[in-house]
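One letter stands for each residue in the lines below.
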Amino acid sequence: MRVRPAWEVWPAVAEQRCWNHKMANVLDRLPKREQTVAREMLRAVAYAPSRAAAERARDAFANRYGDGHSKAVAVLGDDWERTMAFYALPEKHWRHLRTTNVVESPFASVRLRTTAAKRFKRVDNATALIWRLLMVAEKRFGKLNAPGVAAGRVRRKKVPGRKAPYRRSPRSG
């Protein structure tokens, strides 16, 4: 079964690139001695109060590093529209939309445990472990800012043919 990319499933939805990954990619193209100042300049771009301010901060970065480190400036400019997509949404949600680390962090423990086990003899065992790890991680999730501002809300619905998520039985302690 082929997994379709998000842009095929929801073509009208803007894609947001992760700012943490963008900054890491830009900093990788700079020498270590330049990275402290560059990191602060990149944060000024990512956390600018408006798109126009972000573009001014980007231009300041390009002016400083454009001559000697054109690859870093090119990486910053790559996918600029997708990196700035969050500015088209309510400001209260910008904090949650700038990075995908919030989504990726819970799966880090899952990845660690499943690769350490290498292979499970039964799919049910792997599924149980993954569900349990995600349930533990869910306790540390932060709350969304202004959830009422979102256009639609996700409601839990029973999907025909889908099994219920793993639940610990009362006997398993």
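Residues numbered from 1 in each chain as written. Predicted model: local features only at pLDDT ≥ 70, side-chain atom pairs only at ≥ 80, totals over all residues. Heavy atoms only, no water.

Observations concerning the overall build of the protein chain
(1) Moving on: Within the protein chain, the regular secondary structure consists of 9 helices and 0 strands.
(2) Moving on: Order of helices (α) and strands (β) in the protein chain, N terminus to C terminus: α-α-α-α-α-α-α-α-α.
(3) Moving on: When burial is assessed residue by residue, the protein chain has 23% of its 173 residues classed as buried.
(4) Moving on: Counted over contacts in the protein chain with a minimum sequence separation of 6, partners at least 24 positions apart contribute 69%.
(5) Moving on: Taken as a whole, the protein chain presents about 13300 Å² of accessible surface, with 55% of it coming from carbon and sulfur. (Helix = DSSP H or I, 4+ residues; strand = E, 2+ residues; numbered from the N terminus. Buried < 20%, exposed > 50% of the residue type's maximum accessible area, 1.4 Å probe, protein only. Contact = heavy atoms within 4.5 Å. Areas by Shrake-Rupley, 256 points an atom, 1.4 Å probe, with all protein chains shown as cover.)

Comments concerning the confidence of the model for the protein chain
(1) Moving on: Overall, the prediction assigns the protein chain a mean pLDDT of 76, with 69% of residues at 70 or greater.
(2) Moving on: Confidence scores differ between elements of the protein chain, with helix 8 (residues 101–117) showing the lowest mean pLDDT of 65 and helix 4 (residues 51–65) the highest of 95.
(3) Moving on: Low confidence marks residues 151–170, where pLDDT is under 50. Its contacts with residues over four positions away, or in another chain, come to 9 contacts. (pLDDT = per-residue confidence, 0-100.)

Focus on the packing of aromatic side chains
(1) Moving on: Counted according to the given criterion, the structure contains 3 aromatic pairs.
(2) Moving on: Considering the side-chain rings of tryptophan 19 and tryptophan 80, the 6.4 Å spacing of their centres and the 90 degrees angle between planes classify their relative orientation as edge-to-face. In this pair, tryptophan 19 sits in helix 2 (residues 19–27) while tryptophan 80 sits in helix 6 (residues 80–83), placing the two residues 61 residues apart along the sequence.
(3) Moving on: A relative accessible area of 8% means that tryptophan 80 is categorised as buried.
(4) Moving on: Taking 4.8 Å as the distance between ring centres and 45 degrees as the angle between the ring planes, the aromatic pair formed by phenylalanine 61 and tyrosine 65 counts as tilted. Separated by 4 residues within a single helix, phenylalanine 61 and tyrosine 65 lie in helix 4, roughly one turn from each other. (Phe/Tyr/Trp six-rings, centres within 6.5 Å; stacked < 30°, edge-to-face > 60°.)

Concerning helix 5 (residues 70–77)
(1) Moving on: Where helix 5 is concerned, the buried positions are Ala72, Val75 and Leu76. All buried residues of helix 5 fall inside an arc of 100 degrees around its axis, so they share one side.
(2) Moving on: Residues of helix 5 that are buried in the fold lie against helix 2, helix 3 (32–46), helix 4 and helix 6. (Arc of directions from axis to C-beta.)

Quick look at the packing of helix 4 against helix 5
Helix packing for two helices is described by the angle between their axes and how far apart those axes are.
(1) Moving on: Where helix 4 meets helix 5, the closest approach of the two axes is 9 Å, and the angle between their N-to-C directions is 165 degrees. Taken as axis vectors, helix 4 and helix 5 run roughly antiparallel relative to one another. Seen along the crossing, helix 4 lies across helix 5 with a hand that is left-handed. Contacts from Arg58, Phe61, Ala62 and Tyr65 in helix 4 reach Ser70, Ala72, Val73 and Leu76 in helix 5.
(2) Moving on: Classifying every residue of the contact of helix 4 with helix 5 by side-chain character gives 6 nonpolar, 1 polar and 1 charged. (Axes fitted to C-alpha atoms, helices over the stretch in contact; angles between N-to-C directions. Parallel < 35°, antiparallel > 145°, perpendicular 65-115°, else oblique. Left-handed = near helix turned anticlockwise from the far one by under 90°. Nonpolar A, V, L, I, M, F, W, Y, C, P; charged D, E, K, R; others polar.)

Considering the packing of helix 2 against helix 5
(1) Moving on: Their axes nearest at 9 Å, the elements helix 2 and helix 5 cross at an angle of 165 degrees. What the angle tells us is that helix 2 and helix 5 run roughly antiparallel. For the crossing formed where helix 2 meets helix 5, the hand is right-handed. Where helix 2 approaches helix 5, its residues Trp19, Lys22, Asn25 and Val26 are matched on the opposing element by Ala72, Val75 and Leu76.
(2) Moving on: Here the contact of helix 2 with helix 5 is composed, by residue class, of 5 nonpolar, 1 polar and 1 charged.

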